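The lines below spell out each chain.
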Amino acid sequence: MLLSQLGRVNTTSANILTSKSILFHLSRMLKFSTIILCIGLVVLAEEIDRLTCESNSRCTGESSKTLTTMRAVKQDKFGGPDALYVGEQEVPKVSANQILVKVHGSAVNRADTLLCKGFYPGQKKDSVPETLGLEMAGQVQSLGSNASKWKIGERVMALLPNGGYAEYVSVNEDHAMRVADSMELSQASGIPEVWLTAYQLLHLVGNVKAGDRVLIHGGGSGVGTAATQLVKLAGGIPLVTAGSKAKIDTCLQLGAKAGFNYKEGEFAEGVMAAAEGKGVDLILDCVGGSFWKQNVKVLAVEGTWINYGLLGGGNIDGNLLGGLLAKRGRLLTSTLKARSDSYKAHLISEFSKNALPYFTQPATVGGEKVTLKAVIDKQFPLEQVVDAHKYVLENKNIGKVVLKIAQES
């Protein structure tokens, strides 16, 4: 009987030990399940955030929460350079056919200085000034739902309607161009606006052809340095006017046949001599009123004069039409900013095929090697945008002035 009782005690003790063991293991399993559940909730939250992001654009690995605000150049009213300042604003949203680009550099154009003042042709002054910046270079950050031409991280430069003076900008995917691996983004920042303007004036408006003599006013400007090289690429003969010996020397190095300092006197006689007395077939004129008489003098019979700026005023006092009629000349005008998206896409496509490759490899034109070069005069950090605008307005630059916004990753 004693042995029987001892057996029952041992069995009870074993059962108690087993129950404690089961409770211990259940407790550990419960803690482990709680940890797994928490991890799962975190992963689920991240997935919801990703899907929310993708409903608007295909995001990068960088969380969309970090892209709510950015630094940008702002102005509260129209005015001179001192109206500009760097502040915070929302990162732009991308529509279906757009890409979001992290901007490494933009550039200051004459058009930006006019837009800043509210003086750009056709500009409305009854609204808050838009963020300046007609071009930029950077890296693709995210894609709109229908954007298919670009991949995350690709290096691009683009023509913009506005918004380049900022850390991020939304871009029509058809208005972007690939930046070659051998080209720095700071160089690419100075290409889109002026090179596309020059290409448009020469090819889409002026129909330049091999052998044409082309007079380029403002030869030392961004458009001028680009146009000089594009005329050479087309097999034409570039002649330039500029306001300093340094600017003329730069144009000669870029391929101009001759240059004339308009500050030292009239250029008409020198241009006619350089054109062998026949005049020029095409004039690219960013000056306007103050040059009109000399332009008529140097224009060849059935030549084309394209005005795309009014730095010398818009008023004419004299027999302009009579002078043009005597030469059966054409006077055309052109701007780029207000053109349609489809026009800009066509222009960019043509430039990308017929000019862009020659920034990295030479073309052979008339037995001569021609390589295109973006002429960058100076770089300013974004915070010095006021100084950059003043520098351009003082006509100090030869080529482009770049705004450095971020370092290339």
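The preceding data block contains the structure.
The notes below deal with the structure included here. (Residues numbered from 1 in each chain as written. Predicted model: local features only at pLDDT ≥ 70, side-chain atom pairs only at ≥ 80, totals over all residues. Heavy atoms only, no water.)

### Notes on the environment of L202
1) Next: Looking at the element boundaries, L202 is found in helix 4 (residues 192-205).
2) Next: Note on L202: relative accessible area 0%, which makes it buried.
3) Next: Along the backbone, L202 and I283 are 81 residues apart, and their C-alpha atoms lie at a distance of 9.4 Å.
4) Next: With near-sequence residues (within four places) excluded, L202 lies in contact with N207, V208, V214, A227, L230, V231, L282 and L284. (Helix = DSSP H or I, 4+ residues; strand = E, 2+ residues; numbered from the N terminus. Buried < 20%, exposed > 50% of the residue type's maximum accessible area, 1.4 Å probe, protein only. Contact = heavy atoms within 4.5 Å.)

### So, the packing of helix 2 (residues 110-117) against helix 11 (residues 385-393)
1) Next: In the contact formed by helix 2 and helix 11, the axes pass within 10 Å of each other and the chain directions differ by 110°. In terms of axis orientation, helix 2 runs roughly perpendicular to helix 11. Pair helix 2 / helix 11 crosses with left-handed handedness. Every residue of helix 11 that contacts helix 2 at R110, D112, T113, C116 and K117 is listed here: H389, V392 and L393.
2) Next: When the residues that make up the contact of helix 2 with helix 11 are grouped by side-chain class, the tally is three nonpolar, two polar and three charged. (Axes fitted to C-alpha atoms, helices over the stretch in contact; angles between N-to-C directions. Parallel < 35°, antiparallel > 145°, perpendicular 65-115°, else oblique. Left-handed = near helix turned anticlockwise from the far one by under 90°. Nonpolar A, V, L, I, M, F, W, Y, C, P; charged D, E, K, R; others polar.)

### Some details on helix 10 (residues 341-354)
1) Next: The end-to-end C-alpha distance of helix 10 is 20 Å, a good match for the 20 Å that 14 residues give at a rise of 1.5 Å each.
2) Next: All buried positions along helix 10 are accounted for by Y343, K344, L347, I348 and F351. The buried residues of helix 10 occupy an angular sector of 130° when projected down its axis, which confines them to one face. Residues of helix 10 that are exposed and point more than 90 degrees away from the buried face comprise S342 and K353.
3) Next: Among the structural elements, strand 6 (155-159), strand 8 (176-178) and helix 4 are those in contact with the buried residues of helix 10. (Expected span 1.5 Å × (residues − 1). Arc of directions from axis to C-beta.)

### Details of helix 4
1) Next: Helix geometry: helix 4 is bent most strongly at Y199, by close to 25°.
2) Next: Counted residue by residue, helix 4 has twelve buried out of 14 residues, so it is predominantly covered.
3) Next: Turning to helix 4, its buried residues number three or more, namely P192, E193, V194, W195, L196, T197, A198, Y199, Q200, L201, L202 and V205.
4) Next: Just downstream of helix 4, N207 is the residue with a positive phi angle, here 50°. (Bend = angle between axes of the 7 residues up to and from the residue.)

### Digging into the sheet that holds strand 10 (residues 237-242)
In a beta sheet, neighbouring strands are held together by backbone hydrogen bonds and run either parallel or antiparallel to one another.
1) Next: Ordered by their spatial adjacency, six strands build an open sheet running 11-10-9-12-13-14, and the pairing between neighbours is parallel. One side of each edge strand has no neighbouring strand; the edge strands of this open sheet are strand 11 (258-261) and strand 14 (330-333). Pairs of neighbouring strands in the sheet enclose a mean axial angle of 15°, with direction left out of account.
2) Next: Here strand 9 (residues 213-216) pairs with strand 12 (residues 280-285) via three bridges, running parallel. Residue L215 lies in a different strand from strand 12, and its bridge partner there is I283.
3) Next: Contacts from helix 4 reach strand 9, strand 12, strand 13 (299-307) and strand 14, with the element oriented near 145° to strand 12.
4) Next: Taken strand by strand, helix 6 (residues 245-254) contacts strand 10 and strand 11, and its axis lies near 165° from that of strand 11. (Pairing = 2+ DSSP bridges.)

### What about the packing of helix 4 against helix 10?
Each pair of packed helices can be summarised by the angle the axes make with each other and by the distance between the axes.
1) Next: The contact between helix 4 and helix 10 brings their axes to 10 Å, and the two run at 90°. The pairing of helix 4 with helix 10 is recorded here as roughly perpendicular in orientation. Here W195, L196, Y199, Q200 and L204 of helix 4 come into contact with helix 10, specifically with Y343, H346, L347, I348, E350, F351 and N354.
2) Next: Tallied by class, residues from the contact of helix 4 with helix 10 come to eight nonpolar, three polar and one charged.

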